[in-house]
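What the coordinates show
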Amino acid sequence: RRFLTVVVLFAGWLSLESTVLYLTADRIRFITPLGGNYLGLGRTVGLGALVLLGYALFFARSGLSRLGAVVVLAWHMFVLFVSGARGPLSATIVAGLVPLFSGIRPVPPGKLAVRRYVMFLVALLAIAGMLTVYLFSTGNLPFTLGRMLSLFVQEGGGRSASARANLYIDAMNLWIEAPLCGHGIGAWPVLRGVGDSRSYPHNLLLEILVELGLVGLILFSTLCFFGLKALGSLRHIRNDPWRLLILILFVNVFLNAMVSGDLPDNRIVFGILGLTTLRKNEVPGQWARSSI
């Protein structure tokens, strides 16, 4: 609970800095507050947005606290829409859909059981969808949405997408050269001729395959397997808002790791895997009350 509270506070700080930069900028481009980069901003604000979503869905004790969480969530989403970070925005949206799948299940005879929070989430999604359609229809697309649109209208998905596709092809070719144990930690930039510098294929699994081979991929997959196993069964996750929130966060950081960052950049993946080991039947702190 304390860790996630700090995440929300830090995401709020970054959102405030980003909003100031956005309002005072002469030309809207990538937003990079506190000397960082737009991807780091997007990842952090995305995590904060999802924690706020989880609080609004599962833990809010009153309508006022739920409304406050939704307002701050909308602010975080605004920052994601204008920052230029396509991957973090997409990962946040997909992870935010997880409660839809966990909150609906078939029950005999031929009916569906729906959790109370599902309708609230559907209402939020409907509002967000109508706003997005309005922005597209008026042509006033925020920077991030404009970059996402380029994936479909520009040849090869645009320069950034084309560069990633080439990196993925290079990674597969390098892995084939040393499929079992890989070329060694940090080998990617050296093999691509840029020396011992910070460079990566923008996909965590491909980086592991190139540098650590199948052995590394098996080790990483084992961590993920036992982490998710510790989180519990689907039934257990459905009935425990804390575990559901942790699963939402894991989906977010894992999807981000598939499109950007190297092993050190994606250390948050291993951090969230640590959260999956929350002891069964443990209720962390004052967020115990739930409307799940």
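Residues numbered from 1 in each chain as written. Predicted model: local features only at pLDDT ≥ 70, side-chain atom pairs only at ≥ 80, totals over all residues. Heavy atoms only, no water.

1. With respect to the nonpolar core
Core analysis: the largest hydrophobic core is formed by 55 residues, its most contacted members being Phe58, Met77, Leu244, Ile248, Leu249 and Phe250. A total of 12 residues in this core trace back to one element, the largest contributor, which is helix H2 (residues 38-59). Once you skip the residues sitting within four places of it in the chain, Met77 turns out to touch Ala49, Leu89, Thr92 and Ile93. Counting 8 residues, the second largest nonpolar core, distinct from the first, contains Ala171, Leu174, Trp188 and Leu206. (Core = buried A, V, L, I, M, F, W, Y, C linked by side-chain atoms within 4.5 Å. Buried < 20%, exposed > 50% of the residue type's maximum accessible area, 1.4 Å probe, protein only. Helix = DSSP H or I, 4+ residues; strand = E, 2+ residues; numbered from the N terminus. Contact = heavy atoms within 4.5 Å.)

2. Digging into the side chain of Glu207
Structurally, Glu207 is set in helix H10 (residues 204-231). In this structure Glu207 is buried but unpaired, with Arg198 as the nearest side chain of opposite charge at 9.2 Å. (Lys, Arg positive; Asp, Glu negative; His and termini not counted. Salt bridge = Lys/Arg side-chain N within 4 Å of Asp/Glu carboxyl O.)

3. Some words on the packing of H2 against helix H4 (residues 86-96)
At a closest axis distance of 9 Å, the pairing of H2 and H4 adopts a crossing angle of 15°. The angle between H2 and H4 falls in the class roughly parallel. Here H2 runs over H4; the crossing is right-handed. Here H2 contributes Leu39, Gly42, Arg43, Gly46, Ala49, Leu50 and Leu53 to the contact with H4, which in turn contributes Pro88, Thr92, Ala95 and Gly96. Split by residue class, the contact of H2 with H4 holds 6 nonpolar, 4 polar and 1 charged. (Axes fitted to C-alpha atoms, helices over the stretch in contact; angles between N-to-C directions. Parallel < 35°, antiparallel > 145°, perpendicular 65-115°, else oblique. Left-handed = near helix turned anticlockwise from the far one by under 90°. Nonpolar A, V, L, I, M, F, W, Y, C, P; charged D, E, K, R; others polar.)

4. With respect to the side chain of Ser83
Counting through the fold element by element, Ser83 comes out in helix H3 (residues 63-83). Using a relative accessible area of 1% as the deciding quantity, one classes Ser83 as buried.

5. What about a nonpolar patch on the surface?
A cluster of nonpolar side chains, contributed by Phe136, Leu149, Leu151, Phe152 and Val153, occupies part of the molecular surface with about 500 Å² of accessible area. The greatest single-element share of the nonpolar patch, amounting to 4 residues, is contributed by helix H7 (residues 143-153). Along the polypeptide, Leu149 turns up in helix H7. (Patch = residues over 30% accessible without salt bridge, like charges linked within 9 Å, V, L, I, M, F, W, Y side chains within 5 Å. Areas by Shrake-Rupley, 256 points an atom, 1.4 Å probe, with all protein chains shown as cover.)

6. What about the packing of H3 against H7?
At a closest axis distance of 4 Å, the pairing of H3 and H7 adopts a crossing angle of 50°. The angle between the axes of H3 and H7 places the two elements in the oblique class. Contacts between H3 and H7 involve Leu80, Phe81, Val82 and Ser83 from the former and Phe143, Thr144 and Leu145 from the latter. When the residues that make up the contact of H3 with H7 are grouped by side-chain class, the tally is 5 nonpolar, 2 polar and no charged.

7. Some points on H10
Look at H10: only 22 Å from first C-alpha to last across 28 residues, short of the 40 Å you get at 1.5 Å a residue. Directly beyond the C-terminal end of H10, a positive phi value near 110° is found at Gly232. (Expected span 1.5 Å × (residues − 1).)

8. Description of the pairing of strand E1 (residues 104-107)
Sheet topology note: the E1/strand E2 (residues 111-114) ladder contains 4 bridges and is antiparallel. Across the sheet, residue Ile104 finds its bridge partner in E2, namely Val114. Remark: 3 residues form the turn of the hairpin made by E1 and E2, two consecutive strands paired antiparallel; Gly110 in that turn has positive phi of roughly 65°. (Pairing = 2+ DSSP bridges.)

9. Considering helix H6 (residues 116-138)
Three or four residues apart is the spacing at which side chains of an α-helix point the same way, because the helix has 3.6 residues per turn. An ideal rise of 1.5 Å per residue puts 33 Å on 23 residues; H6 measures up with 35 Å between its terminal C-alpha atoms. Every buried residue belonging to H6 is among Tyr117, Val118, Leu121 and Leu135, and all of these are buried. Of the residues trailing H6, Gly139 is marked for its positive phi of about 80°.

10. Considerations on the packing of aromatic side chains
For the structure shown, the criterion picks out 10 aromatic pairs. Within the aromatic cluster, the residues linked to one another by ring pairs are Phe58, Phe59, Tyr117 and Trp242. Directly above the aromatic system of Phe120 lies the positively charged group of Arg66, at a separation of 5.7 Å from the ring centroid. (Phe/Tyr/Trp six-rings, centres within 6.5 Å; stacked < 30°, edge-to-face > 60°. Lys NZ or Arg CZ within 6 Å of the ring centre and 35° of its normal.)

11. Some points on the environment of Asn166
In this fold, Asn166 is placed in helix H8 (residues 159-177). A residue is classified by how much of its surface remains accessible, and Asn166, at 45% relative accessible area, is partly exposed. Sequence spacing of Asn166 and Val72 is 94 residues, and the spatial spacing of their C-alpha atoms is 38 Å.

In short, the description is geometric, and any link to function would need to be established separately.
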